[in-house]
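Notes for the structure review
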Amino acid sequence: MKLTLGFSPCPNDTFIFDALIHHKIDTEGLDFEVYFDDVETLNQKAVNHELDITKLSFHAFAHVADKYALLDSGSALGFGVGPLLICKDESLLNLKTLAAKGEGLRIGIPGKLTTANFLLGIAFPEMQHKEIMVFSEIEDALLEDRIDVGLIIHENRFTYASRGLHKILDLGSHWESLTGCAIPLGGIVISRNLDKEIQLKVNRLIRKSVEFAFANPKSGIDFISAHAQAMDQEVMYKHIDLYVNNYSIDLGEEGRKAINILFEKAEATGLIQAVPASLYVNSDTV
């Protein structure tokens, strides 16, 4: 049986899925047709229900939870891994100045349905003038004065300062101080149209793939490097260390708690409608 699978070319995703798609583990009769896309493209594909299994932002999951259930393995949650709000103009480092100018600022975001935008909406609901761009273009847009504030994710956490840009706020730290929970960034979901047996099998296989990657961290180096956009190995493994952890093996009670609180706060602030009570594959999803 062949299933369509979407994930990003970022090192955390290629690290997680290398063993699965290259049959370094027993895939129990399943094959995968892989689509590599940036996170916002994957979010939109999920909205259109184009793939059987896909990585997506938790913001996007809130809009497609009727179509997809969340797997326990493969997610990106953690402490100190949140999106950063950055600027070129140092006057915006003053939060009072930022708030006063908030409605008029041009903010570059890595996608409407990204969890980064979710957290921005919770922290700064007045910031509405948002321009959607590929995450890797946000630094250049700031340097060229096309935007006033940038919301950065992924490896840009490690590069913005060297380009003369400044951190206004770590939205992940803001979330952690607000909730005491890990930051839910992205997860792996599977179509509710698939049989429950297949859902559980995929859940099990992705866990095995993550465990294989942890046990053999250099096994996928060629595959990871090939998709890492000329990133040097040090940055590449920093990226992996930041986003792949025990939550990627199994969400557990703490991971689920963080996701549930995220949705509760987003619903309370009007960012999303109520989500289904049953979100997870190993609960009553079908």
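For the structure itself, consult the block above.
Here we summarise the structure given alongside this text. (Residues numbered from 1 in each chain as written. Predicted model: local features only at pLDDT ≥ 70, side-chain atom pairs only at ≥ 80, totals over all residues. Heavy atoms only, no water.)

1. Focus: the overall build of the protein
The number of helices and strands found in the protein is 12 helices and 11 strands. A globule of 286 residues ought to have a C-alpha radius of gyration of about 19 Å, and the protein, at 18 Å, matches this closely. In terms of overall dimensions, the protein has a C-alpha envelope of 55 × 40 × 30 Å along the principal axes. The 286 residues of the protein split such that 57% are buried. Relative to all contacts within the protein whose residues are 6 or more apart in sequence, the contacts with residues 24 or more apart total 75%. Accessible surface, the protein: about 11,700 Å² in total, of which carbon and sulfur atoms supply 49%. Each charge class in the protein can be summarised by its mean position, and for the 26 positive and 40 negative side chains these summaries are 2 Å apart. (Helix = DSSP H or I, 4+ residues; strand = E, 2+ residues; numbered from the N terminus. Rg over C-alpha atoms; globule rule 2.2 N^0.38 Å. Buried < 20%, exposed > 50% of the residue type's maximum accessible area, 1.4 Å probe, protein only. Contact = heavy atoms within 4.5 Å. Areas by Shrake-Rupley, 256 points an atom, 1.4 Å probe, with all protein chains shown as cover. Lys, Arg positive; Asp, Glu negative; His and termini not counted. Charge placed at Lys NZ, Arg CZ, Asp CG, Glu CD.)

2. Focus on the nonpolar core
Core analysis: the biggest nonpolar cluster contains 58 residues, and Phe 61, Leu 85, Leu 98, Leu 120 and Phe 263 have the highest contact counts within it. Those residues in contact with Leu 120 that sit more than four places away from it in its chain are Leu 85, Ile 107, Ile 109, Pro 125, Met 127, Lys 130, Leu 151 and Leu 171. (Core = buried A, V, L, I, M, F, W, Y, C linked by side-chain atoms within 4.5 Å.)

3. Here's the deal with the pairing of strand 6 (residues 84-87)
In strand 6, alternate side chains face the same way, and those of Leu 84 and Ile 86 on one face and Leu 85 and Cys 87 on the other are all buried. Bridge analysis of strand 6 against strand 9 (residues 149-152) gives 4 bridges, and the strand direction is antiparallel. What sits directly across from Leu 85, in strand 9, is Leu 151. Where strand 6 meets strand 10 (residues 166-170), 4 bridges bridge the pair, whose relative direction is antiparallel. Note that in strand 10 the partner of Leu 84 across the bridge is Asp 170. (Pairing = 2+ DSSP bridges.)

4. Side note on the pattern of salt bridges
Using the criterion set out here, one finds 14 salt bridges in the structure. Of the charged contacts, one joins Glu 28 and Lys 208 as a salt bridge, the two residues approaching to 3.5 Å between their closest N and O atoms. Taken together, the positions of Glu 28 in the loop between helix 1 (11-21) and strand 2 (31-36) and Lys 208 in helix 8 (residues 196-215) put the pair 180 residues apart, joining distant regions of the chain. (Salt bridge = Lys/Arg side-chain N within 4 Å of Asp/Glu carboxyl O.)

5. Observations concerning the sheet that holds strand 6
Reading across from one edge, 8-7-9-6-10 is the order of the 5 strands in this open sheet, with mixed pairing throughout. Since the sheet does not close on itself, it has two edges, and those belong to strand 8 (130-132) and strand 10, each with one partner. Averaged over neighbouring strand pairs, the angle between their axes works out to 30 degrees when direction is ignored. This element, helix 7 (residues 171-179), spans strand 9 and strand 10 of the sheet and lies at about 25 degrees to strand 10. (Axes fitted to C-alpha atoms, helices over the stretch in contact; angles between N-to-C directions.)

6. Comments concerning the environment of Glu 126
Summarising the element assignment, Glu 126 is placed in the loop between helix 5 (115-123) and strand 8. With residues near it in sequence (within four places) discarded, Glu 126 still touches Ala 99, Gly 102 and Glu 103.

7. What to know about the side chain of Thr 114
Tracing the backbone shows Thr 114 in the loop between strand 7 (107-109) and helix 5. In this structure Thr 114 comes out as buried when scored by relative accessible area, which is 2%. Once you skip the residues sitting within four places of it in the chain, Thr 114 turns out to touch Val 39, Glu 40, Asn 43, Ser 57 and His 59.

8. Here's the deal with the pairing of strand 2
Examined bridge by bridge, strand 1 (residues 2-7) and strand 2 share 6 bridges and lie parallel to one another. Its bridge partner lying in strand 2, Lys 2 is registered against Asp 31. Following the backbone out of strand 1, through helix 1 and into the adjacent parallel strand 2, one traces a crossover that is right-handed. (Right-handed = clockwise from strand over helix to strand, strands pointing away.)

9. Focus on the environment of Val 189
Looking at the element boundaries, Val 189 is found in strand 11 (residues 183-191). Sequence spacing of Val 189 and Ile 107 is 82 residues, and the spatial spacing of their C-alpha atoms is 29 Å. If we ignore the near neighbours within four places in the chain, the residues touching Val 189 are Asp 52, Ile 53, Thr 54, Leu 56, Phe 61, Tyr 68, Ala 69, Leu 70 and Leu 71.

10. Description of helix 2 (residues 39-47)
All buried positions along helix 2 are accounted for by Val 39, Glu 40, Leu 42, Asn 43, Lys 45 and Ala 46. On its buried side, helix 2 packs onto strand 1, strand 2, strand 3 (53-57), helix 3 (58-64) and strand 4 (68-70). One or two steps after helix 2, the chain reaches His 49, where phi turns positive at roughly 55 degrees.

11. Looking at the packing of helix 7 against helix 12 (residues 252-268)
Where helix 7 contacts helix 12, the axes come no closer than 12 Å and their chain directions differ by 95 degrees. In this view, helix 7 runs roughly perpendicular relative to helix 12, as classed from their interaxial angle. Counted together, Trp 175, Leu 178 and Thr 179 of helix 7 and Ala 258, Ile 261, Leu 262 and Lys 265 of helix 12 form the full contact between these two elements. Taken together, the residues of the contact of helix 7 with helix 12 sort by class into 5 nonpolar, 1 polar and 1 charged. (Parallel < 35°, antiparallel > 145°, perpendicular 65-115°, else oblique. Nonpolar A, V, L, I, M, F, W, Y, C, P; charged D, E, K, R; others polar.)

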